[in-house]
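Here are the chains, one letter per residue:
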Amino acid sequence: MENEIRNMTSNLSRRTVLQSGVALSVLSATGLPQLAGAQDAVAPASFSTSLDIGFTVNGEAVSMAIDPRTSVLDLLREEIGLTGAKKGCDHGQCGACTIHIDGKRVVACLTPAFQVEGRELTTIEGIAAEDELHPMQQAFIDNDALQCGYCTPGQIMSGIACVREGHAGSDDEIREYMSGNLCRCGAYPGIVAAIAQAAQEMET
Ligand code: FES
Ligand code: FES
């Protein structure tokens, strides 16, 4: 009995579906009832999948077509080949991707690439003079301010901005204004010492 009921239900379902399908076919073949507005529907407007922008990176002019959804971090790493800025969290929480745009520190992973039109980008690859490290780079070496080094480019770029902003007056102030840059290796004492040292050299 139980099997018969199951078969009946199954047949009913199949029949219902087939009948519905036939009915729909007939309706569409005859062009009778349609959803309101269907006749007036137009294809969605196509949109461009690339955008032409121009900007500078480390003093070099760049013009290129970008996917408007690209982040500055992916633009630098995947399109331009500058891999100094690191992808740590990709959510604006670790600071590993810190670069400068028009001299201000930003997290590149949360910055849309289309926003850099006409701007000046500076990455870790562009801060040393030809034969001389930037004082912040040298200070990181002098103070042993890294272990694995993954966070270091972001720490250095953020440290330079921290000094320029006038927030390197004391160790506590450096710690506060560098709090957006995380170091999983815990190299914080060396990082604070490096920024304090570079602050003296950048000011002289
Ligand atoms: Fe950008 Fe972490 S990768 S903040
Ligand atoms: Fe390893 Fe900072 S040196 S994460």
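Provided above is the structure to which this section pertains.
Right, let's walk through the structure included here.

Rules used in this analysis
Residues numbered from 1 in each chain as written. Chains lettered and ligands numbered in written order. Predicted model: local features only at pLDDT ≥ 70, side-chain atom pairs only at ≥ 80, totals over all residues. Heavy atoms only, no water. Helix = DSSP H or I, 4+ residues; strand = E, 2+ residues; numbered from the N terminus. Contact = heavy atoms within 4.5 Å. Areas by Shrake-Rupley, 256 points an atom, 1.4 Å probe, with all protein chains shown as cover. Core = buried A, V, L, I, M, F, W, Y, C linked by side-chain atoms within 4.5 Å. Buried < 20%, exposed > 50% of the residue type's maximum accessible area, 1.4 Å probe, protein only. Pairing = 2+ DSSP bridges. Axes fitted to C-alpha atoms, helices over the stretch in contact; angles between N-to-C directions. Salt bridge = Lys/Arg side-chain N within 4 Å of Asp/Glu carboxyl O. Parallel < 35°, antiparallel > 145°, perpendicular 65-115°, else oblique. Left-handed = near helix turned anticlockwise from the far one by under 90°. Nonpolar A, V, L, I, M, F, W, Y, C, P; charged D, E, K, R; others polar.

**Observations concerning the overall build of the protein chain**
Then, number 1: A count of helices and strands for the protein chain gives six helices and five strands.
Then, number 2: Mapped in sequence order, the helices and strands of the protein chain form the string α-β-β-α-β-β-β-α-α-α-α.
Then, number 3: In the protein chain, 55% of the contacts between residues at least 6 apart in sequence involve partners at least 24 apart.
Then, number 4: Summed over all atoms, the accessible surface of the protein chain reaches about 12,700 Å², with 53% contributed by carbon and sulfur.

**Details of the nonpolar core**
Then, number 1: Residues Met136, Phe140, Ile156, Ile191 and Ile195 are the most contacted members of the largest nonpolar core, which totals 23 residues.
Then, number 2: For this core, the secondary-structure elements that each account for two or more residues are helix H3 (135–142), helix H4 (152–164) and helix H6 (188–203).
Then, number 3: Broken down by element, this core gets its largest block of residues, six residues, from H6.
Then, number 4: Setting aside residues no more than four positions away along its own chain, isoleucine 195 makes contact with Met136, Phe140, Gly159, Val163, Ala168, Ile174 and Met178.
Then, number 5: Core analysis: the second largest hydrophobic core is formed by 20 residues, Ile53, Val57, Val72 and Leu75 among them.

**What to know about the sheet that holds strand E2 (residues 60–66)**
Then, number 1: The strand order E2-E1-E5-E3-E4 describes an open sheet built from five strands, whose pairing is mixed. Either end of the sheet is taken by a strand with one partner, and the two such strands are E2 and strand E4 (104–107). Averaged over all neighbouring strand pairs, the angle between strand axes comes to 40°, with direction disregarded.
Then, number 2: One ladder, built from four bridges, connects strand E3 (residues 98–101) with E4; its direction is antiparallel. Within the sheet, the bridge partner assigned to threonine 98 lies in E4 and is valine 107.

**Some remarks on the pattern of salt bridges**
Between side chains of opposite charge, a pair can form as their charged atoms come close.
Then, number 1: Tallied over the entire structure, the rule returns six salt bridges.
Then, number 2: A salt bridge links aspartate 67 to arginine 69; its shortest N-O distance comes to 2.7 Å.
Then, number 3: Classification of aspartate 67 as partly exposed rests on a relative accessible area of 26%.

**Describing unusual backbone geometry**
Then, number 1: One non-glycine residue with positive phi stands out, namely asparagine 58, at about 50°.
Then, number 2: Relative to the assigned elements, asparagine 58 resides in the loop between strand E1 (51–57) and E2.
Then, number 3: Positioned with a positive phi, aspartate 144 is a non-glycine residue whose angle comes to about 50°.
Then, number 4: Using a relative accessible area of 62% as the deciding quantity, one classes aspartate 144 as exposed.

**Side note on helix H2 (residues 72–80)**
Then, number 1: Within H2 the residues assigned to the buried category are Val72, Leu73, Leu75 and Leu76.
Then, number 2: If you follow the buried residues of H2, they end up packed against E1, E2, E3 and strand E5 (120–122).
Then, number 3: Just beyond H2, the residue with positive phi is glycine 81, at close to 85°.

**Overview of the packing of H3 against H4**
Then, number 1: Close contact between H3 and H4 brings their axes to 9 Å; oriented N to C, the two are set at 120°. Judged on the interaxial angle alone, H4 and H3 are oblique. Relative to H4, the crossing made by H3 is right-handed. Here Met136, Gln137 and Phe140 of H3 lie close against H4, whose contacting residues are Thr152, Gln155, Ile156, Gly159, Ile160 and Val163.
Then, number 2: Looking at the contact of H3 with H4, its residues break down into five nonpolar, four polar and no charged.

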